[in-house]
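Each chain is listed here by its residues.
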Amino acid sequence: MTTIISTGSVHKVTDRPDGSDLWLTPQKFEAITGFALKSEGFCRDAICVPIPPGRERDLHRRRKINIGGFAALTHRPWVGTESGDTWVLEEPADARNEALRSLEAPDFELPDLDGRKHRLSDYRGSKVLLASWASW
Amino acid sequence: MWQALYEELKGKKFVVIAVALESRGADAARPSIENAKPTYPCLIDVDHVVAREYNMINVPQAVWIDEKGHIVRPTETAGVTEGFRKMNPKTYEMPKEEMEAGAAARRRYLDAIRDWVAKGPESKFVLDAAEARKRTPRFTPEIARAHATFRLGRYLVEHGRRDEGLQTLERAAALNPDAWSIWRQMADLDTVGKAGGPEFWARVAALGEKHYYPPVDMPGETKAP
């Protein structure tokens, strides 16, 4: 069993990696990344990342898609344990910079001490001082 | 830290959202929260999601967000100075002038928030879009990788693979050496107290002329060197 953590949600697949390559069915790949493989390339919403000529076989073959190859192609951090049983896929630095450039405050949802969930966007209509702290 | 200010301003469409970057979970944050009796939301962020989303590297840092959800001051030091670096390491006493400078910086920061809440976009503390973009801390590929590595390490610690998890967190700290929140969280998960122990002080000393808390760049502040 291989665990993949992608934008906070945890997925389990029976496929095993080979180095940083992990071949998934298109369905699983889409569930984890939000991207679908189309003739234009890897597409999510209106955005498609074309597959460079010659790279096809590193990215898809025999009806499977290599999520590790996809991460490398799209500059997404793809970090795994030494045994390769647990992986994290993150958004690329450029996408985060682009998002912050819009000056739209990234939304998030977190619990309070009682476990009640709060979203930043619940407080739209008020000015928000978003402040970090820690006990350490 | 924010309770008096929040009580003063809460009728004016203003809220504080305090986020505890706390991988040991709610119980680690509980004593401080129960002691401060805050009436504003105090959220527990075991995975440092907010640090990742806003590119924070230390506590306390803050972001000002307006009524429409737009950032008007990106991530910056929130009303603290680094006077603690002049603390007597044996007695934990701080020189009087550092105490006073710290208290004054805090007052100025709180006054800046009051001004923003009163005047909105007309406040001199609100940055225009170009300036806010310029001050937004940039993600590098290493920083993005540090966040992913942190997430992995945290997951391993949570799932009973403590040693491997701590090693992974150490790698995350090395990928983003400016992120005190990664190193200190790793140290805290290793042993409670280590985040403020001798290794921490050695790291602070190694900063030399560099800042631990970069001074906030606001009208009324001396410009950072």
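Residues numbered from 1 in each chain as written. Chains lettered and ligands numbered in written order. Predicted model: local features only at pLDDT ≥ 70, side-chain atom pairs only at ≥ 80, totals over all residues.

J.: In this structure, what is going on with the overall build of chain B? I would like to understand it.
T.: The helix and strand inventory of chain B stands at nine helices and four strands. Order of helices (α) and strands (β) in chain B, N terminus to C terminus: α-β-α-β-α-β-β-α-α-α-α-α-α. Computed over its C-alpha atoms, the radius of gyration of chain B comes to 18 Å, within 12% of the 17 Å expected for a compact globule of 225 residues. Viewed in the frame of its principal axes, chain B has a C-alpha envelope of about 50 × 40 × 35 Å. (Helix = DSSP H or I, 4+ residues; strand = E, 2+ residues; numbered from the N terminus. Rg over C-alpha atoms; globule rule 2.2 N^0.38 Å.)

J.: For this particular structure, what's the right way to read the nonpolar core?
T.: Across soluble globular proteins, nonpolar side chains show a tendency to be buried alongside one another. In terms of nonpolar packing, the biggest core is built from 93 residues, with I67, L130 and A131 of chain A together with I17, A18, V19 and A20 of chain B touching the most fellow members. Residue contributions to this core peak at nine residues, all from helix α6 (residues 141-158) of chain B. Here this core spans two domains, and each of domain 1 (3-135) and domain 2 (141-206) of chain B adds at least three residues to it. Aside from chain neighbours lying at most four places away, what touches I17 of chain B is L120, Y123, V128 and L130 of chain A together with Y40, P41 and L43 of chain B. (Core = buried A, V, L, I, M, F, W, Y, C linked by C-beta atoms within 7 Å. Buried ≥ 20, exposed ≤ 12 C-beta atoms within 10 Å, placed from the backbone. Domains from an automatic or database assignment. Contact = placed C-beta atoms within 7 Å.)

J.: Mind showing me how you'd approach the pairing of strand β13 (residues 127-133) of chain A here?
T.: The side chains of a regular strand alternate between both faces of the sheet. Burial analysis of β13 of chain A places seven of its seven residues in the buried class, the great majority of the element. Across the two faces of β13 of chain A the burial is the same, with K127, L129, A131 and W133 of chain A and V128, L130 and S132 of chain A all buried. Pairing between β13 of chain A and strand β1 (residues 14-21) of chain B: seven bridges, direction parallel. Across the sheet, A131 of chain A pairs through a bridge with A18 of chain B, a residue of β1 of chain B. Bridge count for β13 of chain A against strand β3 (residues 61-65) of chain B is four bridges, and the pairing is antiparallel. Its bridge partner being in β3 of chain B, A131 of chain A is matched across the sheet by A62 of chain B. (Pairing = 2+ DSSP bridges.)

J.: Where do I start with the sheet that holds β1 of chain B in this structure?
T.: Pairing between the strands of a sheet is mediated by backbone hydrogen bonds and can be parallel or antiparallel. Strand order in the open sheet made by the five strands is β2(B)-β1(B)-β13(A)-β3(B)-β4(B), with mixed pairing throughout. Of all strands in the sheet, those bounded by a partner on one side alone are β2 (42-45) and β4 (71-77) of chain B. Between one strand axis and the next, the sheet turns by 15° as a mean value, whatever way the strands run. (Axes fitted to C-alpha atoms, helices over the stretch in contact; angles between N-to-C directions.)

J.: Which parts of the structure should I look at to understand the interface of chain B and chain A?
T.: For an interface, size is often stated in terms of accessible area lost upon the parts coming together. Contact with chain B, which involves 68 residues of that partner, is made by 40 residues of chain A. The dominant element in the side of chain B that touches chain A, judged by the number of residues it contributes, is α6 of chain B, at 11 residues. Tallied by class, the residues present in the side of chain B that touches chain A amount to 45 nonpolar, nine polar and 14 charged. (Nonpolar A, V, L, I, M, F, W, Y, C, P; charged D, E, K, R; others polar.)

J.: I keep staring at helix α4 (residues 93-101) of chain A and nothing clicks. Help me out?
T.: Owing to its 3.6 residues per turn, the α-helix brings residues three or four apart onto one side. The set of residues buried in α4 of chain A consists of A93, R96 and L100 of chain A. Buried residues along α4 of chain A cover an arc of 65° about the axis, so they all sit on one side. Where the residues of α4 of chain A are buried, they touch α6 of chain B. A positive phi of about 65° marks L103 of chain A, the residue just after α4 of chain A. (Arc of directions from axis to C-beta.)

J.: Looking at this structure, I do not really get the packing of helix α7 (residues 162-175) of chain B against helix α8 (residues 180-190) of chain B. What am I missing?
T.: When two helices pack together, you describe them by how their axes are tilted relative to each other and by the distance separating the axes. Residue and element names in this part refer to chain B. As a packed pair, α7 and α8 sit with axes 8 Å apart at the nearest point and diverge in direction by 160°. Taken together, α7 and α8 sit at an angle that is classed as roughly antiparallel. Here the hand of the crossing between α7 and α8 comes out left-handed. Between α7, through L166, L169, E170, A172 and A173, and α8, the contact on the second element is made entirely by I182, W183, M186, L189 and D190. (Parallel < 35°, antiparallel > 145°, perpendicular 65-115°, else oblique. Left-handed = near helix turned anticlockwise from the far one by under 90°.)

J.: Where do I start with the packing of α6 of chain B against α7 of chain B in this structure?
T.: All names here are of chain B. It is at 8 Å that the axes of α6 and α7 come closest, and there the two elements cross at 165°. As far as their axial angle goes, α7 and α6 are roughly antiparallel. At the point where α6 passes α7, the crossing takes the left-handed sense. Where α6 approaches α7, its residues E142, R145, A146, T149, F150, L152, G153, L156 and V157 are matched on the opposing element by R162, E164, G165, L166, T168, L169, R171, A172 and L175. Classifying every residue of the contact of α6 with α7 by side-chain character gives nine nonpolar, four polar and five charged.

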